[in-house]
Amino acid sequence: MKTVQTIQPSVDGKGLMMGRKGYTDDYKEPGSLIIKILRSPYAHAKIKQIDSSKASPLPGVRMILTAADFPRIPFTRAGQGYPEPSPHDKFVLDETLRYVGDEVLAVVAESEEVAEKALSLIRVDYEVLEPILDFETALDHPVLIHPEPEIKEMFPIGFDPKRNLAASYQMEVGEVIKELAACDTIVKSRFFTQAQAHVMMEPHAVNARIDYQNRLVIYSSTQTPFHIRRIISQALEIPISQIRVIKPRVGGGFGGKQAIHGEMFAAFVTWKTKQPSTLVYTRKEVFSSTYTRHPMRLDLTLGAMKDGTLKAIDCQVLSDTGAYGEHALTVFMVTGSKVLPLYNKVSAVRFGGHVVYTNHTPAGAFRGYGAIQGNFALESAIDMLAKKLKMDPLKLREMNMMKEGETSPIFAIMGEGTAGTAMIMDTCKLEECIARGKALIGWEDKYPRFQETKTTVRAVGMALAMQGSGIPLIDMGSATIKLNDDGFYNLLVGATEIGQGSDTVLSQIAAEVLETTLDKIIIYSSDTDLTPFDVGAYASSTTYVSGNAVLKAAKALKAKMIDKAAQLLEVESDSLVFDGTMFQDLKTGKSISLTDFSNQITYSKQQEQLSATASYVGHKSPPPFMAGFVEIEIDKQTCELSIEHYVSVVDCGTPINLKLAQGQVEGAIVQGLGMALTENVKESSQGKLLTGDLLSYTIPTRKEIKRLTTEFVSSYEKSGPYGAKSVGEVGIDTPPAALANAIENALGVRITSLPLTPEKIFFAMKEKRSNNE
Amino acid sequence: MNINFLLNGTLKVVNICPGEMLLDTLRKLDILSVRRGCDTTSCGVCTVLLDNKPIPSCSFLSVRADGHAVTTVEGIPEEAEKLAKCFGEEGADQCGFCNPAFSLTAYAMKQEKIVFDEQTIKDYLVGNLCRCTGYLSQEKALRKYLGVDQ
Amino acid sequence: MLTEDPKSVILGGGLWLRLSFSEVSTLIGLEKLGLDRIEEDDQWIKLGSQVTLRDLQTSTPLQSLAGGILSQASEHIMGIGVRNVATIGGTICGRYGFSDLLTALLALDARLVFFKTEELSLKQYLAKKKPLRDILLSIRIRKTPGAGYFHKISTTALDFAILNLAIARRAGKYKIVVGSRPGIAKCAENAMEYLDQIENPSESDILKATQLALEELTFSTNLKATQEYRQELARVYVERGLKAVIGLEY
Ligand SMILES: Cc1cc2nc3c(=O)[nH]c(=O)nc-3n(C[C@H](O)[C@H](O)[C@H](O)COP(=O)(O)OP(=O)(O)OC[C@H]3O[C@@H](n4cnc5c(N)ncnc54)[C@H](O)[C@@H]3O)c2cc1C
Ligand code: FES
Ligand code: FES
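Residues numbered from 1 in each chain as written. Chains lettered and ligands numbered in written order. Predicted model: local features only at pLDDT ≥ 70, side-chain atom pairs only at ≥ 80, totals over all residues. Heavy atoms only, no water.

Strand order in the open sheet formed by three strands is β4-β2-β6 (chain A), with antiparallel pairing between adjacent strands. In this open sheet, the two edge strands, each paired with only one partner strand, are β4 (96-97) and β6 (123-128) of chain A. (Pairing = 2+ DSSP bridges. Helix = DSSP H or I, 4+ residues; strand = E, 2+ residues; numbered from the N terminus.)

Moving on, we get to the sheet that holds strand β16 (residues 449-450) of chain A. All names here are of chain A. Reading across the sheet, the five strands line up as β16-β17-β25-β26-β27 and stay open at both edges, with mixed pairing between neighbours. The open sheet has two edge strands, β16 and β27 (708-712), and neither has a second partner. Two strands pair when backbone bridges link them, and β16 and strand β17 (residues 456-466) are joined in this way by two bridges, in the antiparallel orientation. Considered in β17, the bridge of Arg449 is made with Ala459. Running over the sheet, helix α11 (residues 430-441) touches β17, β25 (625-635), β26 (641-651) and β27 and is turned about 25° from β25. (Contact = heavy atoms within 4.5 Å. Axes fitted to C-alpha atoms, helices over the stretch in contact; angles between N-to-C directions.)

This next bit is on the site of ligand 1. Around ligand 1, 35 residues are found, and the nearest of them are Ile10, Gly12, Gly13, Gly14 and Asp100 of chain C. Per-site note: the chains with residues close to ligand 1 are chains A, B and C. The contact in question runs from an oxygen atom of ligand 1 to an N or O atom on the backbone of Leu15 of chain C, over 2.9 Å. Separating an oxygen atom of ligand 1 from a backbone N or O atom of Asp100 of chain C is a distance of 2.6 Å. When residues of the shell around ligand 1 are traced back to their parent elements, those giving at least two are β1 (8-11), α1 (15-19), α6 (88-94) and α7 (100-107) of chain C. (Near = heavy atom within 4 Å. Polar contact = N/O pair within 3.5 Å; in protein donor to acceptor, adjacent residues only side chain to side chain.)

All names here are of chain B. A cluster of nonpolar side chains, namely Leu6, Leu11 and Val13, defines an oily patch on the protein surface of about 290 Å² accessible area. As for its placement among the helices and strands, Leu6 is situated in strand β1 (residues 2-7). Accessibility expressed as a relative area gives 37% for Leu6, which makes it partly exposed. (Patch = residues over 30% accessible without salt bridge, like charges linked within 9 Å, V, L, I, M, F, W, Y side chains within 5 Å. Areas by Shrake-Rupley, 256 points an atom, 1.4 Å probe, with all protein chains shown as cover. Salt bridge = Lys/Arg side-chain N within 4 Å of Asp/Glu carboxyl O. Buried < 20%, exposed > 50% of the residue type's maximum accessible area, 1.4 Å probe, protein only.)

Facing 21 residues of chain A, the contacting portion of chain C comprises 21 residues. Overall, the association of chain A and chain C removes approximately 1900 Å² of surface from exposure, summing both partners, and the carbon and sulfur fraction of that is 58%. Applying the counting rule to chain A against chain C returns two salt bridges. For Asp635 of chain A, the salt bridge is made with Arg240 of chain C, and the minimal N-O distance between the two is 2.7 Å. Counting every contact that joins chain A to chain C gives eight residue pairs in polar contact (both at pLDDT 80 or more). (Buried area = accessible area lost by both parts, 1.4 Å probe.)

Given below as structure tokens:
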């Protein structure tokens, strides 16, 4: 039987295509109380007074919740393991409002219409405070965003709210200044990356009810049901044993559903009223009041010798976490730790900087998680260095990049909040990725530019990337698998399927161990009452961490089955073999089919429920690697740009499911192209969001995506399940730098801030022309 | 007020509020495949067929469905299953939130007398946003479904 | 009813109404009036005000009228769902600055037939300060043969235009229209007049006309683009469009 590494349709695709009930909002109880949030119109303000005298008496208005209704317990909505590496700097509701869209109060009513009407009748008197909207001025700004005395860090993360600092960090290997001084060539440049919105198609949704055991049962479109349970319990002082969180089908997450959103309100309302409640974000709320990618300023310096030997890298970062510090430190750390080891042969490397509070929509987890920002800077700078050295940028990379069997000191130094974990690259096929990508894009014939007409030019560009596979020693996944009568299995996992295909991939791993077909594995994810613990879907952990847990659990169950069958057949278990459908004793020739075996142990002989549970914590985080190559066409006059072809060649170990892995890469590439070209969260001078809908926030449509070629190089990661590493995030990293490099190859201008809009290129060209005159 | 319309072939008489949108009417009728992805007619997730033509139900007044035929994916199970099979083979389904709408639009397209080349496929489906797949696997699966796979 | 109640509103496709919902007492539907047809005679193509953008996109007579600019303009608006619902009447009476269709319709010198008001040209209609409180019944376009060019510049295929332009050359007469500047579509009258007097415009005539167009049209900055960039886009595409309709290479 072979189910891994074959083409297997997803286990859930058909039902979803046919429109079956599945997503959070499909499960709300009839007659649920409707929760609506009144949100701050100001970037920074204090609530002076709330007048709800007109709204409260409206028939159908049940509650108007303000800060005074909630225990004043600081917490973080980040949705991470405990203790969190994010500061506890948020209250469910607070008197101070820190961004346009921050929660002022909540209305609970019997219908949408009444809730809306009540919102419109509430008058709030604000004291408007000066906001900080330019993150470059936030550090030590006279305005303090978090003066509250109760807030705290859980362990040292460089948190200093008196300086508007959510986190800070510094590290150095070797002596960067000294190395740079001895270099023949230096490239020094400043890069900016913008806030990007996740735009998962399903807006955030949650609903709650009290079950017949008087427990609180929450359905949530979340990536982290177990963290949600813990955080609700801590912040609302509800005993954790009384909370059940069910994650039904989730309509996309990309990191945007790692954190806690409306769950706090639905939990509170239902716990208080004992009535079911529901809260679905509008698209506008998703834009204004969930999270964005952390905007960053990156100062990158590279030092190299004439022959192309890279000697030193310095990367100093300023990151904007917005109003609250969710993922402030960890995203920032990844900007270094999953980017800089790409060039591991340098004598010195330094990384550090600050993560500041501002009055923006908070930044949080987002696919790529710091790596895309760092990658844009580093991979742009490498091309700039190649230009200066008059070298082929591929050759420069090949000379200096990470190779199989090597390591980087950064792995041991930088973790996500704590120290890192040293590791050797048992698999790193970057050389193969480059060679294959080069052939697929036609680099030899096309680099740097080709097919020039009077008005257009075509060019190519590329970038390398790496990511991780879970957070070592922190991310834990578990799986329970049980055998049923008639010989099929239940696989219970805490890992959260959010559209990335984890239910299918994990089922394939179990099917492979148990030598059965996919239809015999019934997977269920995830429900805090029923499934074993898992940190959730983030940090590219699912295939590697949860997959290893499934592998262990399935192996344990198989061993138990063989032992039990040996007892039943009265033979030695050592000589008994199981091929997925039959147990056969090699010595005596005695045999029993799985169907008979499972029926007998269920109903008639030596009855026993066979099951196994296993957990896995990674001891390392083997990075997937990739090379991304792009071919573009640019209009030389208007600088409009089109993507003609994007080639991705990926080393993610051996993919468990080739088509799903390809889907992960291509989806991520397109999101990365969006970040590189068109997506940009914009605000007014007063901090009001100007891109709060899908009319003004433009994600790629199918017309912009003409041709993607995705291939996987042959690779086998020994520590991964069936040789797999992660593949969920790495695809997003290369587009920004690959495109910026292609633009320079086309027109000779270097754009250092994202997005790379035609208008920016146009003005850069204009400046270049005027400099040449 | 009351409206009459054919929902997946069955006559429905429904009481609606004057300003009610078809999306809300359908969800109230327990047609849960029709979902909301935006507030601005931008995403296509709410697509249903009105007299066999794709329309955004989030912005279509229910009153205007009076006397017309509305089809949701629940009404075309065989077609949806065929397309699902092609999606499965191409790994084109991820979170699935956009799938029922895609399926309806694809079905409507199949019935039109047009050439199914890359240009027309993109044009017909450009309003169906998908944030997960990167689009091309969907289009490959669609070509299989339409029988124009090269 | 419309004239009596200031809060009654006519329904086209209703899409834009939905985005800008304000208090409306009565919605007047035009479904039963048979205004959803495209008809033609020897001289005119007549479009009912309830004709959808999808109809405009797929109509054979429109696809061949002046290079099919009206069909092209429709094709580049949103997805099939929106195009199946949005109407030409709603487009004209909505008078949107970003509109791609108005640009193409101006270049075709469309004429508007109202219920009460006397027939007038689209240009006259757009010049009015306020929309008329009247029902648009149909739109008439002359079938004069000739060449046309339409171009929309936008960030993605679903986005509004950063700039759009339509150029037509029919029976020796030119129309040069630029919209989404971001103001409402406007004709470049001086440039048009200049070209109308030249039988076979040369490359330098085109440059001169482009220059005239840039001088008379105004551009400004919004979220999508700056004034300077818009101006440059207009310069490039007016020139390219004129070359295309005149039959010169660019
Ligand atoms: C999401 C979205 C994106 C869009 N993008 C673009 C784009 O990129 N380019 C573009 O050109 N257009 C775009 N449009 C506009 C679209 O093309 C239509 O112009 C718009 O939807 C109006 O058409 P409607 O039929 O929906 O009008 P409605 O919303 O029904 O009506 C608009 C106005 O016109 C009035 N009206 C309608 N019909 C008549 C009539 N017969 N007589 C008198 N008054 C009437 C209404 O009372 C109302 O005031 C977009 C629309 C939407 C919703
Ligand atoms: S919900 Fe997005 S188009 Fe209707
Ligand atoms: S599969 Fe998730 S939006 Fe299309």
